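Structural characterization, general
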Amino acid sequence: MKKELICVVCPRGCRIQTEMEEGKILSVTGNSCPRGEAYARQEMICPLRILTSTVRIEGASRRVLPVITASEIPLAKMPEAMAEVRQVRVQAPVQAGQVLKENLAGTGTALLASCSMEKVR
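Now for a quick tour of the structure. (Residues numbered from 1 in each chain as written. Predicted model: local features only at pLDDT ≥ 70, side-chain atom pairs only at ≥ 80, totals over all residues. Heavy atoms only, no water.)

Re the overall build of the chain
Just so we agree on the cut-off: Numbering of helices and strands runs from the N terminus, with a helix taken as a DSSP run of H or I at least four residues long and a strand as a DSSP run of E at least two residues long. As defined in this context, the radius of gyration uses C-alpha atoms, and a globule is described by 2.2 Å times the residue total to the power 0.38. Burial status follows relative accessibility: with a 1.4 Å probe on protein chains alone, a residue under 20% of its type maximum counts as buried, one over 50% as exposed, and anything between as partly exposed. Computed by Shrake-Rupley with a 1.4 Å probe, the accessible areas treat only the displayed protein chains as cover when residues are assessed. Only four residue types enter the charge count: Lys and Arg as positive, Asp and Glu as negative, with His and the chain ends excluded. Where a charge lies is defined by one atom per residue type: Lys uses NZ, Arg uses CZ, Asp uses CG and Glu uses CD.
Across its full length, the chain holds 2 helices and 10 strands. In terms of overall dimensions, the chain is more spread out than a globule: its C-alpha atoms have a radius of gyration of 19 Å, far above the 14 Å expected for 121 residues. Dimensions of the chain, computed from C-alpha atoms along their principal axes, come out at roughly 60 × 30 × 20 Å. Counting all 121 residues of the chain, 31% fall into the buried class. For the chain, the computed accessible surface area is about 7600 Å², with 50% contributed by carbon and sulfur atoms. Charged side chains of the chain number 17 positive and 12 negative; the gap between the two group centres comes to 8 Å.

Focus: the sheet that holds strand S3 (residues 24-29)
Quick note on the threshold: Only when DSSP finds a minimum of two bridges between them are two strands counted as paired. Lines fitted to C-alpha atoms define the axes, with helix axes restricted to the stretch in contact, and inter-axis angles between N-to-C directions lie between 0 and 180 degrees.
Taken in spatial order, the 3 strands make up an open sheet running S1-S2-S3, and their pairing is antiparallel. A strand with exactly one partner marks an edge of an open sheet, and here the two such strands are strand S1 (2-6) and S3. In this sheet, neighbouring strand axes are inclined to one another by 25° on average, regardless of whether the strands run parallel or antiparallel. As paired strands, strand S2 (residues 15-21) and S3 are joined by 5 bridges and run antiparallel to one another. Paired with Met-20 across the strands is Ile-25, a residue of S3.

A word on helix H1 (residues 34-45)
Helical geometry: 3.6 residues make up each α-helical turn, so side chains three or four residues apart lie on a common side. Selection rule: To estimate the expected span of a helix, subtract one from its residue number and multiply by 1.5 Å. Note that the arc is defined by the directions from the helix axis to the C-beta atoms. Working rule for contacts: check all heavy atoms of both residues, and any pair within 4.5 Å makes them a contact.
Here H1 contains 12 residues, and its C-alpha end-to-end distance of 17 Å stays within 8% of the 16 Å for a straight helix at 1.5 Å per residue. Those residues of H1 lying buried are Gly-36, Tyr-39, Ala-40, Glu-43 and Met-44. Taken down its axis, H1 places every buried residue within 125° of arc, on the same side. The exposed residues of H1 that point more than 90 degrees off its buried face are Pro-34 and Ile-45. Elements in contact with the buried residues of H1: S1, S2, S3 and strand S4 (48-49).

Regarding the pattern of salt bridges
Quick reminder of the rule: Whenever Lys or Arg places a side-chain nitrogen within 4 Å of a carboxyl oxygen from Asp or Glu, that contact is recorded as a salt bridge.
Going through the model one piece at a time under the given rule, you end up with 5 salt bridges. The partner of Glu-4 in a salt bridge is Arg-15, with the nearest N and O atoms 3.1 Å apart. Within this pair, whereas Glu-4 is found in strand S1, its partner Arg-15 is found in strand S2, the two being separated by 11 residues in sequence. Residues Lys-77 and Glu-80 are paired through a salt bridge, measuring 3.4 Å at the closest nitrogen-oxygen approach. Residue classification places Glu-80 among the partly exposed positions, given a relative accessible area of 39%.

Written out as structure tokens, the structure reads:
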């Protein structure tokens, strides 16, 4: 199986061609740097993404709080992770970087607050 990817590791946006057979990568070409090759190999085997979203917050000046995962999670786990994110509710005050949920969707990564929100008096 042949597949073309656009590398997102740096601003160059190299067009990388990959060839895979029986779950093994046979070749990676078109990358300008070793990071592009590593990205293409990871993307072909198990694509990873940072999840960003919002959760409901009570007692703050806003109704939702931006959140982000502490690290990349498998793309295949996104639906399960989003189902868990939709269930999260937090109380103000919240500090940026505060862990809101450990081990999101069994990925081993935490869901973090992206910004701080003070409690409304």
